[in-house]
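Notes for the structure review
Residue-level listing of the chains:
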Amino acid sequence: MAGDNDIFDTKELELKRVIGFNGTVSGGLIVHPDREHIIYPLGCNVIIEDITQESKQSILSSHTNNVTCIAVSNDGRYIVSGQETYMGFKACITLWDYTTKTAIQKWELHKVKVQALAFSANGKYVFSLGGQDDGSVVVWDMVTREPICGSPAQVMSAGVTYCLAASKVSDDVFVTGGDNTLRIWTLDRENRKIRPVNTTLGGVKRIITCIEMVDDQDEKMAYFFCGTTTGDILCINKATNILQFEVPAKNKFSLGVTALSFVKMSDKGFNMLVGTGSGIVANYDIGVAFESGNKVKAIFKHRQDVQPWKHDVETSAITSIAKRGAGHQFYVGTAHSQVYKFQYSNLTAELIKTCHSSPINDVIFPYGVSQLIITCQEGEIRVWNLSTGKELRRFVLANKTCNALAISRDGKIIVSGWNDGKIRIFGFQAKDLALELKHIILDAHNKGVTAVAMTSTGNCIVSGGGEGQVRVWDIITGVDQNGKKEMRAQLRHSMKEHKNFVAQIVIRSNDKECASAGGDGTSIIWDLVKGIRKNVVFANTLFKSVCYGEEELQIITCGTDHKLGYWETYDGSMIRELEAAKAGAINSLDISSDHSALVTGGEEKLIKLWLYREGVVTHVGQGHSAAVLRVRIAPDTKSIISVSEDGAILQWRFPKM
């Protein structure tokens, strides 16, 4: 059957929207010089998002693994992005044309990872820095699109080089910094060489995390500033290559300086935006006073009319500060994948983008609603609006992980399974529709709840646990002593057949039968009325997902043996088996409401759309840079949602079949 794929010409699935932002990329959030778009990485894609219209996105996808750095030319015509790859392979740098949104050049010289990228002042060259396993700097010519020269980034005795910045005055000068290394490089174009000069730090040892060049402001003060893990800022004179001063002398920033951005020259000196590892955004004036004998005195003061900004709850590192225009507005990206829009005048922040920062374990659509999804991850449940890509509601429970979700037909109850063995049932508050905890089923399963499902009537929950039990619970609503409505759950059946975790449970539309996929190589069909096993199917695999097929007379399974299995529900016999992946497990599958198409996703990082009866792949979607954990087809069959280990939510356009 697998050979039939050759007859069908597989097409690409169209990526409609991406919800996510990789906040761990240092300097990854950039405002385009046209002031109307922000550019940021997510997985193996580069996203260009319009900030004037409601979240209009362009998606640049050509990388094969996580994007690790981005740079934009000063005239805004080009974007360059670098990625990481596996040991022993070369990492790719891609040059994009901003107007056509297409890849125009690919460069491969660095091994394993591209650490940082920068365009020269007038866009003549691109400077690239390799990661820890590469350790080299390469200069690329933008006219010939060829490498000019390269050199090791640091001396043998120094540590890893982490960051790179180009001079704002000269095309031939750039700076690299890292663990006990800081160098100014000059390009000798005629001899095809780059010549480094080590900066004299006078016994100061630092790990440099970010560099901000301000050599275009004042000829006498051709400086650049370096943020360090120690929590201070070094000021280096580019002309003399000597450390001028370090600020602050006392009360250094907690968890280091992680982002720097120069705003303007004021009468008080250099006005800088500072982002720290503890999540503080501050605006400091660095005044410079020259004393006798070439001595420089620095005055480091916060702007008097505002206080430093810090989030009330979140304490994640600030990884990017991107100015819009001259800096009246600026955008801040954090390591927890949040994006804030700041007003410079009063340093107030508006949260404009939230994303998952850890693996998304489950995603569901409310019954008959295609514009909302509910997702869960470690410690969180979130509700999203797909038409805008915005988060609507969130429930947070620290130090616990939500593994599975289900929702009632009327949309009033959300059931969630957690790794502490409890089933938590949520409703919505009447006042503001915030998620409200209605009831907790204690000790539902002793090794964590791994799967939940709800009947169409909404008065019965079927749950699966890490120990292999499948349990049926009746939801009873009543009135307590004070006349308030209350909800409780009563155990009806406990069925122990699986020898390992239950990966997924699906309930048949008549509510009398369900199918469970187990990690012990069995998929079991249960009678929910009698609480007994009706049938079982065996395979040499760990089953990951199951769904009912056409007329609910078949079940379709997938698992670690990268095969799709079609089975009879009547006697458990196999109908057909399809080779569904070249490598890795298939973690999830879903069937369309008319039972004509299937979608699968797994460790291959691909989304595959199948014709159910023919058993062939018609479309393939590439865009994830981590294993796909769940796929869902929208109730209106117009889009497909896939979620992955890196916290990305991708929405694909469902093609006309």
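The protein chain carries the name Cilia- and flagella-associated protein 52 in an unreviewed UniProt entry, which gives Biomphalaria glabrata as its organism. Its UniProt record gives the protein chain a comment under Function (unreviewed entry), which states: "Microtubule inner protein (MIP) part of the dynein-decorated doublet microtubules (DMTs) in cilia axoneme. Important for proper ciliary and flagellar beating. May act in cooperation with CFAP45 and axonemal dynein subunit DNAH11. May play a role in cell growth and/or survival."

Thoughts on unusual backbone geometry
Both trends apply: most residues other than glycine have a negative phi, and most peptide bonds are in trans. Residue Pro248 is bonded to the preceding Val247 through a cis peptide linkage, with omega at -15 degrees. As for its placement among the helices and strands, Pro248 is situated in the loop between β22 (242-247) and β23 (257-266). Despite not being glycine, Leu255 has its phi angle at roughly 60 degrees, a positive value. If you trace the backbone, Leu255 turns up in the loop between β22 and β23.

Observations regarding the layout of surface pockets
In this model, the second largest pocket occupies a volume close to 1,200 Å³. Around the second largest pocket sit 42 residues that line it, and Tyr367, Arg409, Val506, Ile507 and Asp590 are the ones nearest its centre. The residue makeup of the lining of the second largest pocket includes at least three contributed by each of domain 2 (358-508) and domain 3 (539-656).

Structural notes on a nonpolar patch on the surface
Judged by side-chain polarity, Leu437, Ile440 and Leu442 come together as a nonpolar surface patch covering roughly 250 Å² of accessible area. Residue position: Leu437 is located in strand β37 (residues 435-441).

Examining the sheet that holds strand β13 (residues 136-141)
On the basis of which strands lie adjacent, the open sheet formed by four strands has the order β11-β12-β13-β14 and antiparallel pairing. The open sheet has two free edges, formed respectively by β11 (114-119) and β14 (147-152), since each of these has just one partner strand. The average undirected angle you get between the axes of adjacent strands in this sheet is 15 degrees. Across five bridges, β11 lies against strand β12 (residues 125-130) in antiparallel orientation. Within β12, the position partnered with Val114 by the bridge is Gly130.

A word on the domain arrangement of the protein chain
By the assigned domains, the protein chain splits into domain 1 (25-198), domain 2 (358-508) and domain 3 (539-656). On a C-alpha basis, the centroid separation for the pair domain 1 and domain 3 is 37 Å. Taken together, the seven residues of domain 1 in the interface contact six residues of domain 3. Each partner contributes to the roughly 460 Å² buried at the junction of domain 1 and domain 3, and carbon and sulfur atoms together form 47% of this total. If you sort the residues of domain 1 by the area they bury against domain 3, Leu42, Cys44 and Asn45 come out on top, with a joint share of 56%.

Quick notes on the rules
- Residues numbered from 1 in each chain as written.
- Predicted model: local features only at pLDDT ≥ 70, side-chain atom pairs only at ≥ 80, totals over all residues.
- Heavy atoms only, no water.
- UniProt positions renumbered as here; feature names shortened; annotations may be inferred.
- Helix = DSSP H or I, 4+ residues; strand = E, 2+ residues; numbered from the N terminus.
- 1 Å grid on protein atoms, 1.4 Å probe; cavity = no way out; pocket = protein on both sides within 12 Å on 5 of 7 lines; lining within 4 Å.
- Points joined across faces, edges and corners; volume = space filled by probe spheres on them.
- Domains from an automatic or database assignment.
- Patch = residues over 30% accessible without salt bridge, like charges linked within 9 Å, V, L, I, M, F, W, Y side chains within 5 Å.
- Areas by Shrake-Rupley, 256 points an atom, 1.4 Å probe, with all protein chains shown as cover.
- Salt bridge = Lys/Arg side-chain N within 4 Å of Asp/Glu carboxyl O.
- Pairing = 2+ DSSP bridges.
- Axes fitted to C-alpha atoms, helices over the stretch in contact; angles between N-to-C directions.
- Contact = heavy atoms within 4.5 Å.
- Buried area = accessible area lost by both parts, 1.4 Å probe.

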